[in-house]
Amino acid sequence: MPTTNQRRQPEAATAAPALYAEVALPLRLAQTFTYRLPHTLAADARVGARLLVPLGRQLATGYVVALHDALDPALGLEDSEIKDAEELLDVEPLLTPEVLEITRWISDYYAAPWGEVLKAALPAGLNAGVDQVVTITPEGRDELARLPERRAATARARLLQMAADGSVTLREAARELGQARASTAARELTRTGWVTVSHRQRGAQTRAKKRKAVRMLSPDGAPADGADGERALTPSQRKVFETLTAVGGEMLFAELLEAAHASASTIQTLERRGLLEVFVREVRRDPLAGARLPERDELRLTGAQEVALREINEAQEKGGFRAFLLHGVTGSGKTEIYIRSMREALLRGRTAMMLVPEIALTPVFSRRLRAHFGDAVAIFHSSLTAGERFDEWGRLKRGEARVVIGTRSAVFAPARDLGVIVVDEEHEGSYRQQESPYYNGRDTAVMRAHKERAVVVLGSATPSLESFQNARQGKYRYLQLPTRIAGRAMARAEIVDMREVFRERGKPAVFAPELLTAIEETHARGEQSIVLLNRRGYSSFVLCRSCGERINCANCDVTLTYHRSERSLVCHYCNLRQQTPDACPACKGPFMFFIGEGTEQIEEILRARFPSLRLARLDRDTTARRSTYEQAILSFGAGELDTLVGTQMIAKGHDFPNVTLVCVVSVDAGLAMPDFRSAERTFQLITQVAGRAGRGNLPGRVLIQTYHPRHYALRHACAQDYEGFFEEEINYRRSLSYPPFVALASLLVHGDDLARVQATADTLRAALDRANADRACRVLGPAPAPLARLRGEHRVQLLLKSRSRPSLRTLVEMALGEAANTPGCDPGSINVEIDPVNLM
């Protein structure tokens, strides 16, 4: 059987073939497993390769994290108890030593299963499942022919019949026979020699794309007419040579036919004469193929930029780890420092990495990096096709690309010898993975830089409180860019008190007259505007005016959002969709009232009010396709649109010189969230979107609508006063014992059976109390989570606080270990989040 092990460091393979492989499996299990390596696998097995191994009655794909010549005596197991590995899936390991090391750290720090982290580190197309394939033998065919009709209904006979056409997967057979009967029948038929069972990867695993191509065999081009006694080339044949010569002698077959206006037979004739070669070559699926790149400008740095860049580059010259917090106001030129520090890394023969918080920021940044570094840039994010991700990953692993840009998961890119890692908008919560395996991309980037002796630059106009506190304590070197480039003024921000608007109109309003006037005046001047509302859909929810009933999601404890474009109610958590009722489901009353507004309604109001306004809406509903978002952003940047309406994806990172007006329709919902970071997030969102205005030579204006005009987050955001906000917010955190003054952990118990969820939560609390005898940690709960039901599952939460991070981790490990061995407790239903950024 496979044996479980304590965690070990990844080890390199020794010269002699190892006898045992330590394997991490992508399961909700903390331990690794030991398997014996048969002689046929031992010579080729390497750390970082994938290995097909038995797990119970199934086969699973695991990752080799160590190789051993002998069993560890501490395991107390005999060799006869160890199962053999089935198949080595990679001759060349997919996981580099650097990626193995950083995933091991994530597993240890975030209490995440190592196998799940390793699976997340690889492109999706490389993580295909494995099928057992049952193939009938000649003896099996003979037996099938002799089979009496009365025995044809047995599981063994039925499996033989299904395999009669050649083969059938055990998964397919299980649909008819059931998993247990199909597995038993396969084992019995294998013993009799009537079938064989082999393994193959499930689905179409992503592979290199190959296309037919043509190349000239002579570097001198087309032969002279009548040379070597050969007949002269026809005009069509000569055109083929001219086309190939113009592009260096090699071209894809299909492209050559089109460019030379030739037929396939023309090329085939030239191939038979020995003048051309037709072959198959790999073709790169380039995410930026055909993209228009920006001008590569060498800008003159400001004094503050020069100081910051000099410190970063001096740290690269010295070698070793160094962390910088680059705190620059919006429009201060942080991106230019990023690019120049990455260039410095490349000049020193090292590689560079840049992380951005959202896919929305990659079109502009990737084009800018491509303009500077050419094909040395690789792009990583989930909106790429599986083929594009596979090709970009392969280019990095082979060293063909030396710069990588991407979202959170790009931190696992197989870049060798990193010199600098840049984390843009380091404060963003989207760097946090919100499903297992849980990890923070920003903090992982800092640790990867530390392990690889690289420099890391965390950049933001609104640093997270944790990062700013680290800078104050000297853990990070603080670099500041206090002013915009070219001496441009910050946009003037004003609060619009919607309470006054309500008093004047006697009813709620989506837009204050002041905002509509400002949009109209901005458009009349030929300038651009941005309208932000961080809520998609048309109306927030639907209410019965007769009985007060709200239309709730059947799976989640939230109301459904009305989407007028598809005339349906949608849950933004589980994606449940249903028709909008004509009458109240509870009282059958006909008076259904649509309350609140979303970006869809904002777009409709503005189009009706300003018919000549060229307007686009950007939210998750309109940007399902990558090209849609990119086209809208590029069109707005080119001045082909007047106004951009959207959610937070338009609030940060973009540079639109002609934008002079930013309107924030409402931020009150964000301030009211039951999360200790709600004020910080609101301050950051307003400051970031305000930074889109006035980045050119024209002054900017920001209008913020709110029913809470005196809130300290809004007051400091309007004044662009980060330090003032920090001092006020940090006092709240200190008095209430929240990060950065304590380490925080969330233990979330979830499941579709509420009684079992509560029982597991109570068992976990009892285990925590016993392990916390010295009261080094404070335990809160169990209590219903703010979203007590989500995607059909009940959710109960416990929060742990401690001023000692090691004490917190020890408490979590001890309590989980005890709870897992307690009857009635379901350890698989417990999600552990260390340093959570969202407590909803």
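Definitions and cut-offs
Residues numbered from 1 in each chain as written. Predicted model: local features only at pLDDT ≥ 70, side-chain atom pairs only at ≥ 80, totals over all residues. Heavy atoms only, no water. Core = buried A, V, L, I, M, F, W, Y, C linked by side-chain atoms within 4.5 Å. Buried < 20%, exposed > 50% of the residue type's maximum accessible area, 1.4 Å probe, protein only. Contact = heavy atoms within 4.5 Å. Pairing = 2+ DSSP bridges. Helix = DSSP H or I, 4+ residues; strand = E, 2+ residues; numbered from the N terminus. Axes fitted to C-alpha atoms, helices over the stretch in contact; angles between N-to-C directions. Salt bridge = Lys/Arg side-chain N within 4 Å of Asp/Glu carboxyl O.

Judged by nonpolar contacts, the single largest core of 132 residues is most densely connected at Leu37, Leu51, Ile530, Leu764, Leu768 and Leu800. Residues within four places of Leu768 in sequence aside, it is in contact with Leu747, Val779, Leu798, Leu800, Leu811 and Ala815. In this structure, Phe365, Val377, Val455 and Val457 belong to the second largest nonpolar core, which totals 33 residues.

Across a sheet, strands are paired by hydrogen bonds formed along the backbone, either parallel or antiparallel in direction. Sheet architecture is open: three strands sit in the order β11-β10-β12, paired in antiparallel fashion. Taken across any chain shown, the strands that pair with only one partner, and hence form the sheet edges, are β11 (250–252) and β12 (276–282). The mean angle between the axes of side-by-side strands here comes to 30°, regardless of whether they run parallel or antiparallel. Of the pairings in the sheet, the one linking strand β10 (residues 210–216) to β11 comprises three bridges and is antiparallel in character. In the strand pairing of β11, Ala213 is matched with Leu252. Most of the contacts of helix α8 (residues 235–246) go to β10, to which it runs at about 105°, and overall it touches β10, β11 and β12.

What follows is about the pattern of salt bridges. According to the stated counting rule, one finds 58 salt bridges in the structure shown. Of the charged contacts in the structure, one is a salt bridge between Asp90 and Arg50, with a shortest N-O distance of 2.8 Å. Within this pair, whereas Asp90 is found in the loop between β6 (87–88) and α2 (97–109), its partner Arg50 is found in strand β4 (residues 50–55), the two being separated by 40 residues in sequence. The closest approach of N and O atoms between Glu336 and Arg340, which form a salt bridge, is 2.9 Å. Pair noted here: Glu336 and Arg340 are both in helix α12 (residues 334–347), with a separation of four residues, about one helical turn. Here Glu336 matches Arg340 in class, with each residue buried. Salt bridges here are not isolated pairs; linked through shared partners, they connect Arg284, Asp286, Arg370, Asp375, Glu392 and Arg395.

Tracing the chain through its elements places His716 in helix α23 (residues 712–718). For His716, a relative accessible area of 10% gives the class buried. If sequence neighbours within four positions are ignored, His716 has contacts with Phe683, Asp721, Gly724, Phe725 and Glu728.

Before going further, it helps to examine the pairing of strand β21 (residues 528–533). Buried residues dominate β21, accounting for six of its six residues. On β21, burial covers both faces: Gln528, Ile530 and Leu532 on one face and Ser529, Val531 and Leu533 on the other are all buried. Across six bridges, the pairing between β21 and strand β29 (residues 659–666) is parallel. The partner of Ser529 across the bridge, within β29, is Leu661. Here β21 runs beside strand β28 (residues 643–646); their pairing, made up of four bridges, is parallel. Residue Val531 lies in a different strand from β28, and its bridge partner there is Val645.

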